[in-house]
Structure formats: structure tokens, C-alpha cells
Amino acid sequence: MAEAHSAVAFSFSITHEGWDVNFDREVLHLIWASGVRSWKKRMARFKNNVKNGVYPAPLQSLWATFAVVAGCHFAGIILPSGWVEFFYSLLPERTTVYELVACLCVSVLIWLVIIYSLRYALKLLLMYKGWMYESRGQNRSVSLQTKLWLVGVKLFSGASKPMLYSFQGSLPRLPLPTVEDTMSRYLRSVRPLLDDVQYARMERLAQEFQNGIAVKLQRYLKLKSWWSSNYVSDWWEEYVYLRGRSPLIVNSNFYGIDAILMHPTQIQAARAACIIHTALQYRRLIERQELEPILIQGLVPLCSWQYERVFNTTRVPGVETDKIAHCTDSNHIVVYHKGRYYKVIIYHKNRLLTPSELEIQMEYILNDKSVPAEGEEKLAALTAGERTAWANARLDFFFKGTNRQSLDAIEKSAFVVALDDVPYEFDEADPTKLDRYGAVLLHGKGYDRWFDKSFTLCIGTNGRIGFNAEHSWADAAVMSHLWEYIVCDDAMKMGYGPDGHTKGKPEFQPPTPMRLQWDLPPPCLAAIERSNEVVQQLVKDVELRIYLHNAYGKGFMKECRVSPDAFIQMALQLAYHRDAGRFSLTYEASMTRLFREGRTETVRPCTIESAAWVKAMDNNTSTTEEKITMLLKACEIHQRGYQDAMCGKGIDRHLFCLYVVSKYLEVDSPFLKEVLSEPWRLSTSQTPHGQTSRLDLKKFPRCISAGGGFGPVADDGYGVSYIIAGEELIFFHISSKRSSPQTDSHRFAQQIEQALSDMRNLFTEWKNLKKK
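These numbers come from a predicted model, not from an experiment. (Residues numbered from 1 in each chain as written. Predicted model: local features only at pLDDT ≥ 70, side-chain atom pairs only at ≥ 80, totals over all residues. Heavy atoms only, no water.)

Turning to the overall build of the protein, a few remarks are in order. Counting its secondary structure elements, the protein contains 26 helices and 22 strands. For 772 residues, the compact-globule estimate of 2.2 N^0.38 gives 28 Å, and the C-alpha radius of gyration of the protein, at 29 Å, lies within 12% of that figure. Structurally, the protein occupies a C-alpha span of about 100 × 80 × 60 Å along its principal axes. By residue count, 54% of the 772 residues in the protein fall in the buried class. Here the contacts in the protein between residues at least 6 apart in sequence split such that 78% fall between residues at least 24 apart. Of the roughly 35,000 Å² of accessible surface on the protein, a fraction of 56% belongs to carbon and sulfur atoms. (Helix = DSSP H or I, 4+ residues; strand = E, 2+ residues; numbered from the N terminus. Rg over C-alpha atoms; globule rule 2.2 N^0.38 Å. Buried < 20%, exposed > 50% of the residue type's maximum accessible area, 1.4 Å probe, protein only. Contact = heavy atoms within 4.5 Å. Areas by Shrake-Rupley, 256 points an atom, 1.4 Å probe, with all protein chains shown as cover.)

Our next topic: the sheet that holds strand β12 (residues 416-419). In space, the 8 strands of this open sheet follow the order β15-β9-β8-β12-β13-β14-β3-β20, with mixed pairing throughout. For this open sheet the edge positions go to β15 (514-515) and β20 (708-709), each flanked by a neighbour on one side alone. Sheet topology places strand β9 (residues 340-345) next to β15; 2 bridges connect them, and they run antiparallel. Considered in β15, the bridge of Lys343 is made with Met514. The strands that helix α18 (residues 476-493) touches are β3 (254-257), β13 (455-459) and β14 (465-469); relative to β14, the one it contacts most, it runs at about 155 degrees. (Pairing = 2+ DSSP bridges. Axes fitted to C-alpha atoms, helices over the stretch in contact; angles between N-to-C directions.)

The next subject is the confidence of the model for the protein. Per-residue confidence for the protein gives a mean pLDDT of 90, with 92% of residues at or over 70. Confidence drops under a pLDDT of 50 for residues 1-12, and excluding neighbours within four residues, the segment shows 19 contacts in the predicted structure. (pLDDT = per-residue confidence, 0-100.)

Turning next to the domain arrangement of the protein. Considered domain by domain, the protein is made up of domain 1 (10-49), domain 2 (60-131 + 143-157), domain 3 (178-244 + 651-676), domain 4 (250-540) and domain 5 (550-647 + 679-771). Domain 2 and domain 3 are separated by 45 Å when their C-alpha centres are compared. (Domains from an automatic or database assignment.)

Formed by 110 residues in total, the largest nonpolar core has its most connected members in Phe415, Leu457 and Phe671. The leading source of residues in this core is helix α12 (residues 268-287), at 10 residues. Ranked by size, the runner-up nonpolar core spans 42 residues in total, among them Phe567, Leu574, Met617 and Phe748. (Core = buried A, V, L, I, M, F, W, Y, C linked by side-chain atoms within 4.5 Å.)

Take the sheet that holds strand β19 (residues 682-686) next. Pairing in this open sheet of 6 strands is mixed, and the strands run β16-β22-β21-β19-β17-β18 from one edge to the other. Looking at strand neighbours, the two that pair on one side only are β16 (542-549) and β18 (600-603), the edges of this open sheet. Pairs of neighbouring strands in the sheet enclose a mean axial angle of 20 degrees, with direction left out of account. Alignment of strand β17 (residues 586-591) against β18, held across 4 bridges, turns out to be antiparallel. Counterpart to Glu588 in the pairing with β18 is Val603. Sheet strands in contact with helix α19 (residues 522-541) are β16 and β22 (729-737), and its direction is about 35 degrees off that of β16. Contacts between helix α23 (residues 624-646) and the sheet are confined to β17 and β18, with β17 contributing the most and set at about 50 degrees to the helix.

What follows covers the pattern of salt bridges. Under the definition given, this model contains 36 salt bridges. Two residues, Asp196 and Arg191, come together in a salt bridge whose shortest N-O distance is 2.6 Å. With a closest N to O distance of 2.7 Å, Asp420 and Arg449 form a salt bridge. Of this pair, Asp420 sits in the loop between β12 and α17 (431-442) while Arg449 sits in the loop between α17 and β13; the two residues are 29 residues apart in sequence, bridging distant segments of the chain. Linked by salt bridges that have partners in common, Arg245, Arg315, Asp322, Arg387, Asp452 and Glu470 make up one network. (Salt bridge = Lys/Arg side-chain N within 4 Å of Asp/Glu carboxyl O.)

Its identity as a non-glycine residue notwithstanding, Gln289 has a phi of 60 degrees, on the positive side. Here Gln289 lies in the loop between α12 and β4 (295-296). Backbone geometry places Lys338, a non-glycine residue, at a positive phi of 50 degrees. Mapped onto the fold, Lys338 is located in the loop between β8 (332-337) and β9.

Right, let's get into the packing of helix α4 (residues 83-90) against helix α5 (residues 96-126). Following both chains from N to C, one finds α4 and α5 inclined at 125 degrees, their axes separated by 8 Å at the closest point. Relative to α5, the element α4 is oriented oblique. As α4 packs across α5, the resulting crossing turns out to be right-handed. Residue-level inspection shows Trp83, Val84, Phe87 and Tyr88 of α4 in contact with α5, the latter providing Tyr98, Glu99, Ala102, Cys103, Cys105, Val106, Leu109 and Ile110. Taken together, the residues of the contact of α4 with α5 break down into 11 nonpolar, no polar and 1 charged. (Parallel < 35°, antiparallel > 145°, perpendicular 65-115°, else oblique. Left-handed = near helix turned anticlockwise from the far one by under 90°. Nonpolar A, V, L, I, M, F, W, Y, C, P; charged D, E, K, R; others polar.)

A few words now on the environment of Val68. Along the chain, the position of Val68 falls in helix α3 (residues 60-74). Given the relative accessible area of 52%, Val68 is considered exposed. Spatially, the C-alpha atoms of Val68 and Cys103 are 9.5 Å apart, while their sequence positions differ by 35 residues.

An ideal rise of 1.5 Å per residue puts 33 Å on 23 residues; α23 measures up with 33 Å between its terminal C-alpha atoms. Residues of α23 that are buried: Thr624, Lys627, Ile628, Leu631, Ala634, Cys635, His638, Tyr642, Gln643, Asp644, Ala645 and Met646. Two residues or fewer past α23, Gly648 is found with a positive phi of approximately 85 degrees. (Expected span 1.5 Å × (residues − 1).)

A separate point is a nonpolar patch on the surface. There is a patch of nonpolar side chains on the surface, built from Tyr120, Leu124 and Met127 and spanning about 320 Å² of accessible area. Among the structural elements, Met127 can be located in the loop between α5 and α6 (130-133). (Patch = residues over 30% accessible without salt bridge, like charges linked within 9 Å, V, L, I, M, F, W, Y side chains within 5 Å.)

Set out below in C-alpha cells:
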């Protein structure tokens, strides 16, 4: 085949007349260009690592230090301890040049001492978290301690512009809570879920654990917290994600939706080209470490280590545990369309292809009339199904030959693009269209996404976009940052002409996309079909409802002087209690990226205070004043729980790590076993936005994603993701399983709508009473 032939750079043959060598100059040129690009990136990384290693001081400060030391030495001012003379005595000759060398050695030492003193001082300052607990806003006071801390952080953060990883060395380690504190918080969190007898039993188990095996487990965990950068993250990645054997589809992967209030073009190839180009520009920002690190309130840095694996990353299946494979570079992407896979080169003469050149490649794929090879169309069902089945099939059928080459092309690509053969539709008058939009991104057909890749970009026939992302390599906030950048860039650049095609003219004919070839024998086809049967059952069982709430948004919540997140969480508690007739263990994701290599922690929104308010809302004995008082108290407690989680004072990650230690030591704990087996029937997460300074909602008010979602965590529970998209707009993504008689996503959406309406009426009535 032509593709295989062109892949051979050279060949040689030996005959009776001698030997002959043939080589393909074009392929050798590509190899040369790839090597040059790779070395340029290595040099750039080395330079950036040096800059990050000395941050917050600029590199120029070394020469300033050298000038001061040399000036003092030649002026006859003897430096303390005779450092210059010491180094001078070690050199072979006593000349002016060697004198300068001695001054340089002393300068480097002084410079490093100053730099690492500054970095350590900044780390000590960043350990302070009191600022998070102080109220902010109008007529709110800030303590003197926090004011001095603010001055100190600004002073030690330096005047130079930080790079993506500049603050990594200054971030503190995640603190390890005491067992006593965790037990106290845990018992308080489960009190509204248990009756008196059950709670007394849980108290007894917790006390036995705290006074017994917990002492030994905590000792080992404390040792790990001293030794490792983060005592949670590596175990969380391995045991929660990589050791999981269940299918990724619905259970793990999540999705994100386009900015549905905008529709810049309806031409699929054009939108795909622009989005691919923007994603690759974002990759270049990460590689060059030029992406702005996220600073809370423009001051406190978040950990950036997860960004390294956004691109060129795949999850490789294993029989017992998977692993994450990351390439330092990739010069291609892989595109899936109508059951066929194409390798698409994205560089030409060491530059990225332009959107107009990428559009030519996308049009070639869309116009290709070839048919898939047998089994190729549903091949990706292997990545969606049971992990052990995929690992065995990978060893049996994809370990060598043509299949290995094609699999390598997918796994080593920057990312995968799916050019779907259906439109992604949104119509406020027909909510089912948005539901289908989300379902296409969550699972598609079950075999048209490469679920192992860090993410798959999805483009509908009408030019709308979305993504499906694997979860183990990073948390949703990192993928949301990329998505926000893509959507914002697409709105600001307006890279489409009046005809809907990309602007600009191609400078050359871009490389033709290459069809990936497969050799799938009958046993492999059978393995694909078995995985597909598992996947189709999951796809049929999941029910997704995307509810657009536009009656009011965070503007009204702020008028009520309530945290928007706390407001929505209370609405979810009220809605769930009305839907299920009981309270349930509730999961809300919070980030711990204020610490080095931090990922997430669990906030437990179902509290004693929230339960009391929910009960008051549905009885006629409580007055409006009492309901408001209870609601404000519940929101305050929730906000405190969220702050505790962000500051390393959570419950669940500590208990999880204690459980891992117990398994290593082969000891059983009835308390830990029961805690870790409790189902999260209401799993929630807020999609963050505003992570890039490029997003200007005043100038581009319609430039905001509709958020994204995930599947239910429990078979009889709900998965709820929401994004506070503006002053008057909130999107809820609600998933559940059709096989559960206890849940119904459409019914729960109605309960959320009613809860939000009741809360608005409650505050309105309270305001009217205050006026009287």
C-alpha cells in the first residue's frame, strides 16, 4: 500500500553484483525536521526549567549579583569569610581572568542562597490559609494578619511574569489532618443520615478505630506525607482510577459542551480545523510554559502539574492495573469518521498547519468514500468496555505488525478528533435536543470515541463541538481550562469568512491524511463484539437530562448575600429529599491545588443544618424568618466545609489513605470498610469558568460553555454537574440509570426547578417582610 511504502525511509539489497542502497529523501527530511523540533523543545524546556528553578528572581539578577561582588572585590572591600580569596586560591593562576572567575563562583553561591531563601519564605507564606475564612465584600473587614500576609506574598512573588510551573517549588505540601479531627468531622457529616441507634453504633466503631489501629496507620501515613510531594495523589490515581476494571464509558469519562449561544459556522470541516488549531496553540503554550498559571484573586497560585499530560497522553490497559503513557512530542493527530481512522500530520517545515490547511485535510476525510475494514468501525468499543478484556485483546492482537503500528499512531497522537455524522442541536423550545447533544458527547455510539485518550474532540455535522475526556490523567478543571481557552479564542478571532469557511489561503497543499490499516482476525472481531455488547447495555441504561435554568442566576444569589455554590447545593438537597423521600450521602468535588500535586477533596453538603432547613421548607410550622435563618446557617456551614476541603482539612481523602495503608499492612478495620463502601447516591460537581484572563463576558456575553457532565456514581443515584454560566443562567447536567426504579433524570430536573423557585420566593417574601 502507498502509506506503508512511503513510511520506509531507506532500503538495501545484496546481489551477486554487490549491494545497493535506496532512500526516500522526503521521509529522511521529515525525520531530520522532527529531530530538530525535538531538540529545540528540549533546549526550551531546559531554559524554562532554569527560570522556574530560580523564580521569583529573574535570571538577570545573577549578573547584578556578580557586578556587586566583583565591584566590592576590586574596590578592596573584603567580603565576609574571604570567599573570593578562597576560590581564587583553588585556581591554577593568579590573573585577572581567574579573579573574575572566583568572583563569579562567590556570586553564584550568594545568589542561590538569596533565591532559595525567597522561595522558602514564599512557601511559608502560602501555608497560611486564614485569608480563605475571612469574609470578603462590601462592609467586610480583613484582619491585620491577613493584610500583612497579602503584602508579604506580593513582595516575595517577584516582579517578573510567572511561567506555568514557576510556583511549583514554592507550593506547600498537603497537610495531614489528625485522626481525631477527621473522626469528629465524619461523625458530624453522617448524623442527618442515621437514626439514634445507627449513629450510636457508628460512634462506637469510630471510637474503636481511633483508639486502636488508627494510631499505627496514621504513623505510616505521616511518614509518607513527609517523604512524598503529596500523600494522596499517587494512591488516588492508582487505586481510584487505574486499578478500576469497570468500563470507562459512563462510569469514568466526562464530557463538555460548546458555547451553545454562539454558532460561528455550520461547516463541519471549517469548525474542526479552527478548533484543532487552537488546541495545538494551547499545547504549544504548555510546552513552552507560557500559559499563565491560575492565581486566586490574582495572588495565590494553584498547582499546575496536571497540565503536563493534557496532550500526547493515553491510558494503556493492563490485566490488573492500567498505566498512563505520555509522549513528550507528537507531530500528528488521529481523526475518526464513519468507522475509519486517519493519521493527520499537523506540522510543515517546523510550523503548525494553518486553519485553512487543516480544513483541506478535514474535507479530504469527509469526502473519502472508502469503507471501513471489517471490525474497524467498532474497534474503539474495546477502549470503552471492561479493562481486563481490552488488556488481553491488546496483548493478543495488537502487540506487533500492522495493528501495533496503527495503535501506536492513535496512542501517540496529540489527541483524537471525531467527525460525527449527526448534528449537535440546541433549541430552547425543544429540551430533548440538548439532552441528545450531551448524550452524544458522554458516550456517542459507544465505539466512536477513543476513550483511552486524554480527550477526544467531537464535531457535529452542523459545526457545533464538544469533547469526551478520560479522567485518570487530570481533573475536570484542567480540561475546562483548555475548553474555555478554545471557546474564547474561537469567539474572539472570528476565524471564519462570510461563507463559513476558514479565513486565509493555504500556503501549500498539506499532507494527505493516511488511513490507518488493521488486520483483525475472527477471534479479535469476537472480542470487539463482546466489548460492544457490554458498552451498548451501559449506553441504553444511562438517562441524561440537561436543564437550562434562566429564571435567575448568580446575580440574585449575590443579592441574597449567599455563596452561589452553597445556594445551588441547598437547592439540590431540597430537590433530592423531595425526590427520594430521604437524605443521602452527597459528594461535591473540591480542589486541593493550593498544595503541590493536589487534586480533589470531597465536600459533604448534606449537613445537620441543611437537613433541618430542608425539613422546615416542607412543613407549615416554621415561619419565613426561621426558614431564612436556617438556610443562611446551612449555607455558612457548607461554605466552611468547602473551605476546609480546599485547605487540606477534608474527611474522605484522609480516610481513603488510611484504608490503603491498612490493606498494605493486611489488617482489617470494620470502620474503614463500612465508610469506604457507603454509596454516593447524589454526586455533584460545579464546572469552573473564568480560568483564563482572555474571557471577557462583558464584551462576549454569549461566549461561555454550557458546561459538561458525567454518569451516575451509584446505580440508584444521580450524577449532577452544573455551571453558573452568567448572572441569569445556570446549566444542570443530570444523569441516572433507567434500570433504577428510584431515579428519573427528568423528574429530578423538575424537582431542582421547583426547589430554585421556592428558594427565590422565600427570599422575596423575606425581603418584603423586612420592608414592612
